[in-house]
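Examination of the molecular architecture
Chain residues, written in single-letter form:
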Amino acid sequence: MKRADASLEFNGSSGMPTRGALTIRDLVKIYDPEGVNIMAVDHCSMQITPGEFCMIVGPSGCGKTTLLNAIAGFHSITSGEIFLDDKLLCGPDKPIAAQGADRIVVFQNGALFPWKTLAENVAYGPMVQGVLSKRNALAKAHEMLAEAGLGEFGGKYPGEVSSGMARRAEIVRALINRPKVLLLDEPYRAMDGLTKSIMHEALLEIYDRTKVTIFFITHDLEEAIFLGDRVYVLTTRPCRLKKVVNVDIPRPRNYEVLSSEPFRLLVEETRDAVHEEAIKAFQLGERELA
Amino acid sequence: MHQVVSPGEFQVAPRATPNRLARAWYLLTKTARSPTPYLMAFGILLWVFVYWLLCEGLKLPRFVKIPGPITVLSEWLSPHPQQGISIFTPEYYEHIYVSCRRIFIAFCIATSIGVPLGLVMGWSRTFRDYTFPILETLRPIPILAWVPLAILMFSGYETPVIFLATLASLYVTTLNTMLGVQSIDEVYFRAAGCLGSSRWDVFRHVVVPGALPFIFTGLQISIGVAWFSLVAAEMVSGDFGLGYLILSSYMNSVTVPMVIAMLTLGFVGWFTSAMVRFVGNRLMQWHARALALQGR
Amino acid sequence: MVSVSEVSRPIGIARSRRSFLRRTLGRQEFWRGCVAIVVFLILWEIGSRSGEWFGYTLPHVGLLPPPSDVAVAWSKVLMKWGYWESWYQSFKRVLTGFIAAQIIGIPFGLMLAVNKYFRDIFFPPFEVLRPIPPLAWVPASLIFWPTNEMSIAFVTFLGAFFTIVINVLGGARTIDVRYLRAVQSMGASQWDLFWRIILPGTLPSIFTGAAVGMGITWEVVVAAEMISGGGTQGGGGLGFFIWNSYMGGSLPQIVVGMISIGIAGYLSSTVIRMIGRSAMPWRKLF
């Protein structure tokens, strides 16, 4: 496949990526609604290497999103620390991380501003950060949308395009800022299987091109193994790391992988761990967090 | 052989946009074939007929005092009205003009205070905590109860009337704007935060456009409320205007101008709120287009 | 957004039962609100006494009666029978018009919603009359109805009627079709459909309409009392109380009347909210 824009190379396509290492150490998060303590995350540690495509899998309501919120700076943490490369995001003296364009979230139900066209949405980040002027940002946005196959939709509002296109534009909106980490919170949850497979290939194509670190939350196992370098299986609430599965299927991957033997074995290996936790979560019968 | 497909190849051919005229014609013929327009016309005619029958046909005891449709219409269109008001008399337009001017001034003042106030109230919790209770304490007092105080506080005829209409719109505009800001999904604030916005950027790019649909709903209600209080205020204190025309006709025992003024009020009121809606749709292309796609 | 603290409460753990009073007193908003209102009253007092204290009367605000005078006037009036009589008169009028509007407006709105032909015939004239402000009807109804009391009731009725009908119609038409299908597939009759789905589905809108309609009713009653009751027959009521104080030149008493109406209106809408909450236990937020 032809490499697109050089400016989109985050980590360089040759050699080891150097930016976007995410370290989570002994993270604890306790919610305190009216004196009833609920532990969402219990001493969870992870080490995500630069340029890793990391998949977080766990039963509903286990605290995956809590992890993401802590990294993105939407919620405070109770104890523990999170580092991005060598920078402390949050720790004992700094319970809530500052929000910044080095970690960009793609939300579950999409968060393109419905009052801006796709191009204006994409241009938003560089514009408010003062990196590019409004005009240059828009030009760049159109260019990047075209690369993602959305060239002629730049002037449309998010309400006018399909959810698949909106989600793709949202990823473009994140990438234009050259983030260190891309945080995806079950972005394809509400999509049908066919759309999903198209979205997966598009995402893989973007990843192969940029090698940006991706922190991807899902509870679809096959999605996790198809996309990821490593799959982190979490326990039910309170959330702890249960198992890490290394996916050694070579890249670039395509849909033939899905029917291959190594893929099947990996899915089986992971399924046992996930299933056990899913049953526990179901029996607890708790309402999902957020 | 399967191959990795570049996302570029998934482009869909642009849908042929139907000619606007053709679309309008299609809608028109479709409507004409359904019973709805005929039933609607029948409904209005039925009501006019019942009105005529009660007031002029049968001359029922109490109805006979109310001018019937034929009387009203012939007077309204007569170049030499017996009771002083028709489309040929300058007074008629003077009354309409005075009322519209008052509404316009009141609406502009209320909007230019109410929208910024509501935006800040929705956006800053501290500000809301300090201002909202005062608003909530004053709001249950009906606008009309302010009439005597307004007359005492402001001299003349004009200012009290405008003050009352402004006050009525102000509550509605402020509260709707505030609700509009509060109804914006948290996720947009988070997305804006992620993309490196300053507080001012969030205000400009998220709070204001996100609240716009609510603001315009509020403005539509607000202009209705402004008419409501204007009429009352003009009835109690005023020297011109449609509300004044209604009450002064009553005082002078002429009933036809009263009905003419009522119908005119209805039309002008409807027209102003349609105008606000039109401006709103113009400003919110994204909203209008999304609604149109949902078939609304 | 629903905050996490509300959602994450596991089922089975009761919400800690602190009393309403203690919860209110523990809130920052409550104290800030108190501060705001006290500051507001103080500014009002200073503003309206500016002529007396500083020798310079502020424009507009300087003409208002200071809150302390209002309090004095109120304490005097509280002992008088006429004041309470006004409350009674106004409440009676509001309730008459409001209840009549409910009795006629709800079935009318539901009919508009369920029957297309009915809607086509009756909705256009309704839409033609709706933009006419209710108070514009006052003189016409004074001419038409034999007594002042009846004309006030009629105008009050009109004020609430349009709002109620529009809300009921809107509510009934937004009921999710899936509910209707579900009930039909279980073999329900038209009658069941109406009583079990359409009516309860419309209840939230009925109560919204009632709350808004109540506000309009108070507006209309006050105005009608000022315009008509204040004249010949002396029908009383809080609107007349204000008008009378105005005629008598007693400024503090005007404000007493305004505050009384505010309290009365607030009480009425609180009652509607309470009824709504008990009629719709499935809706926590109302």
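Residues numbered from 1 in each chain as written. Chains lettered and ligands numbered in written order. Predicted model: local features only at pLDDT ≥ 70, side-chain atom pairs only at ≥ 80, totals over all residues.

Looking now at the overall build of chain B. Scanning chain B from terminus to terminus reveals 12 helices and 0 strands. Going from the N terminus to the C terminus, chain B shows its helices and strands as α-α-α-α-α-α-α-α-α-α-α-α. Computed over C-alpha atoms, the radius of gyration of chain B comes to 26 Å, more than 25% over the 19 Å expected from 2.2 N^0.38 for 296 residues, which places it beyond the range of a compact globule. C-alpha atoms of chain B, sized along the principal axes, occupy 90 × 55 × 30 Å. (Helix = DSSP H or I, 4+ residues; strand = E, 2+ residues; numbered from the N terminus. Rg over C-alpha atoms; globule rule 2.2 N^0.38 Å.)

When helices and strands are counted, chain A shows 7 helices and 10 strands. Relative to the compact-globule value of 19 Å for 290 residues, chain A shows a C-alpha radius of gyration of 19 Å, a close match. Every one of the 290 residues in chain A was classed for burial, and the buried ones make up 49%. Counting contacts in chain A only where the partners sit at least 6 residues apart, residues at least 24 apart contribute 72% of the total. (Buried ≥ 20, exposed ≤ 12 C-beta atoms within 10 Å, placed from the backbone. Contact = placed C-beta atoms within 7 Å.)

On to the sheet that holds strand β8 (residues 213-218) of chain A, then. Residue and element names in this part refer to chain A. In spatial order, the strands read β6-β7-β8-β3-β9-β10; together these 6 strands make up an open sheet with mixed pairing. Looking at which strands have only one partner, the edges of the open sheet turn out to be β6 (103-106) and β10 (241-246). Strand-to-strand twist in this sheet, taken as the mean axis angle between neighbours without regard to direction, amounts to 20°. With 4 bridges connecting them, strand β3 (residues 53-57) and strand β9 (residues 230-234) associate as parallel partners. Within β9, the residue paired with methionine 55 across the bridge is valine 231. (Pairing = 2+ DSSP bridges. Axes fitted to C-alpha atoms, helices over the stretch in contact; angles between N-to-C directions.)

So, about the interface of chain C and chain B. Taken together, the contact pairs 45 residues of chain C with 48 residues of chain B. Among the secondary structure elements, those contributing two or more residues to the side of chain C that touches chain B are α3 (28-48), α7 (116-129), α8 (138-144), α11 (190-229), α12 (238-248) and α13 (251-279) of chain C. Looking at the side of chain C that touches chain B residue by residue, the classes come out as 36 nonpolar, 5 polar and 4 charged. (Nonpolar A, V, L, I, M, F, W, Y, C, P; charged D, E, K, R; others polar.)

It is worth spelling out the nonpolar core at this point. In terms of nonpolar packing, the biggest core is built from 219 residues, with A:Leu145, A:Phe215 and B:Leu164 touching the most fellow members. If one sorts the elements of this core by residue count, helix α9 (residues 199-236) of chain B sits on top with 18 residues. Here this core spans two domains, since at least three of its residues come from each of domain 1 (31-76) and domain 2 (90-293) of chain B. Each residue touching A:Leu145, except ones within four places of it in the same chain, is listed here: A:Leu118, A:Ala119, A:Val122, A:Leu150, A:Gly151, A:Phe153, A:Gly154, A:Ala169 and A:Val172. (Core = buried A, V, L, I, M, F, W, Y, C linked by C-beta atoms within 7 Å. Domains from an automatic or database assignment.)

Residues and elements named next belong to chain B. Split by domain assignment, chain B resolves into domain 1 (31-76) and domain 2 (90-293). Centre-to-centre, using C-alpha coordinates, domain 1 lies 33 Å away from domain 2. Facing 6 residues of domain 1, the contacting portion of domain 2 comprises 4 residues. Residues that form the side of domain 1 that touches domain 2 fall into these classes: 4 nonpolar, 1 polar and 1 charged.

Attention now moves to the interface of chain B and chain A. Taken together, the contact between chain B and chain A spans 28 residues of the former and 32 residues of the latter. Contributions of two or more residues to the side of chain B that touches chain A are made by α8 (186-194), α9 and α12 (285-293) of chain B. Here the side of chain B that touches chain A gets 6 residues from one element, more than from any other, and that element is α8(B). Residues of the side of chain B that touches chain A, tallied by class, amount to 15 nonpolar, 10 polar and 3 charged.

Let us now look at the packing of helix α3 (residues 69-76) of chain B against helix α11 (residues 256-283) of chain B. Residues and elements named next belong to chain B. For the pair α3 and α11, interaxial distance at closest approach is 10 Å and the crossing angle is 80°. On the basis of their axis angle, the class for α3 and α11 is roughly perpendicular. Residues Thr71, Val72, Glu75 and Trp76 of α3 form the contact with α11, whose own contacting residues are Val256, Val259 and Ile260. Here the residues of the contact of α3 with α11 sort into 5 nonpolar, 1 polar and 1 charged. (Parallel < 35°, antiparallel > 145°, perpendicular 65-115°, else oblique.)

Residues and elements named next belong to chain A. The phi torsion at aspartate 85 lies on the positive side, around 50°, for a residue other than glycine. The topology assignment puts aspartate 85 in the loop between β4 (79-84) and β5 (87-90). Given 16 C-beta atoms within a 10 Å radius, aspartate 85 is considered partly exposed. The residue glutamate 186 is not glycine, and still its phi comes out positive at about 40°. Looking at the element boundaries, glutamate 186 is found in the loop between β7 (181-185) and α5 (193-210).

Per-residue confidence for chain A averages 82 on the pLDDT scale, and 91% of its residues sit at or above 70. Every residue in residues 1-7 of chain A scores below 50 in pLDDT, and together they form 7 contacts with partners more than four places removed in sequence or on other chains. (pLDDT = per-residue confidence, 0-100.)

Residues and elements named next belong to chain A. Across the sheet, 4 strands lie side by side as β2-β1-β4-β5; this open sheet has antiparallel pairing. If you trace the sheet from one side to the other, it starts and ends with β2 (38-48) and β5, each paired once. Ignoring which end each strand starts from, the neighbouring axes of this sheet average 25° apart. As defined by bridge partners, strand β1 (residues 22-31) adjoins β2 across 7 bridges and the pair is classed as antiparallel. Residue threonine 23 lies in a different strand from β2, and its bridge partner there is glutamine 47.

Our next topic: the environment of B:Met258. For B:Met258, the position within the fold is in helix α11. Through-space distance from the C-alpha of B:Met258 to that of B:Ile246 is 4.6 Å; in sequence the pair is 12 residues apart. Beyond its immediate stretch of four places on either side in the chain, B:Met258 contacts B:Ile246, B:Ser249, B:Tyr250, C:Pro139 and C:Ala140.

This paragraph deals with α12(C). All names here are of chain C. Of all 11 residues making up α12, 9 are buried, and the element is well covered by its neighbours. Of the positions making up α12, those classed as buried are Leu238, Gly239, Phe240, Phe241, Ile242, Trp243, Asn244, Ser245 and Tyr246. Glycine 249 occupies a position one or two residues after α12 and carries a positive phi of about 75°.

Pairing analysis gives 3 bridges linking β4(A) to β5(A), with the strands arranged antiparallel. Within β5(A), the residue paired with A:Ile82 across the bridge is A:Cys90.

Bridge count between β9(A) and β10(A): 5 bridges; the pairing is antiparallel. Each residue of the ladder has a partner; that of A:Leu234, found in β10(A), is A:Leu241.

Now for helix α3 (residues 134-147) of chain A. Residues and elements named next belong to chain A. Here α3 contains 14 residues, and its C-alpha end-to-end distance of 20 Å stays within 8% of the 20 Å for a straight helix at 1.5 Å per residue. Of all the positions in α3, only Ala137, Lys140, Ala141, Met144, Leu145 and Glu147 are classed as buried. One face of α3 carries all of its buried residues, which in axial projection span an arc of 150°. Where α3 ends, the next residue or the one after it, glycine 149, has phi of about 80°, a positive value. (Expected span 1.5 Å × (residues − 1). Arc of directions from axis to C-beta.)

This paragraph deals with the confidence of the model for chain B. Residues and elements named next belong to chain B. Residues with a pLDDT of 70 or more make up 91% of chain B, whose mean pLDDT is 83. Ranking the elements of chain B by mean pLDDT puts α12 last with 69 and helix α4 (residues 90-123) first with 92. Segment residues 1-13: pLDDT under 50, and 19 contacts once partners within four positions in sequence are set aside and those in other chains are kept. Prediction confidence for the complex, expressed as pTM and ipTM, is 0.80 and 0.84 respectively.

In this section: the environment of B:Pro142. Examined against the element boundaries, B:Pro142 turns out to sit in the loop between α5 (125-138) and α6 (147-153). Between the C-alpha atom of B:Pro142 and that of B:Thr166, which follows or precedes it by 24 residues, the distance is 13 Å. Setting aside chain neighbours within four positions, we find B:Pro142 in contact with C:Trp218, C:Glu219, C:Val222, C:Ile261 and C:Gly265.

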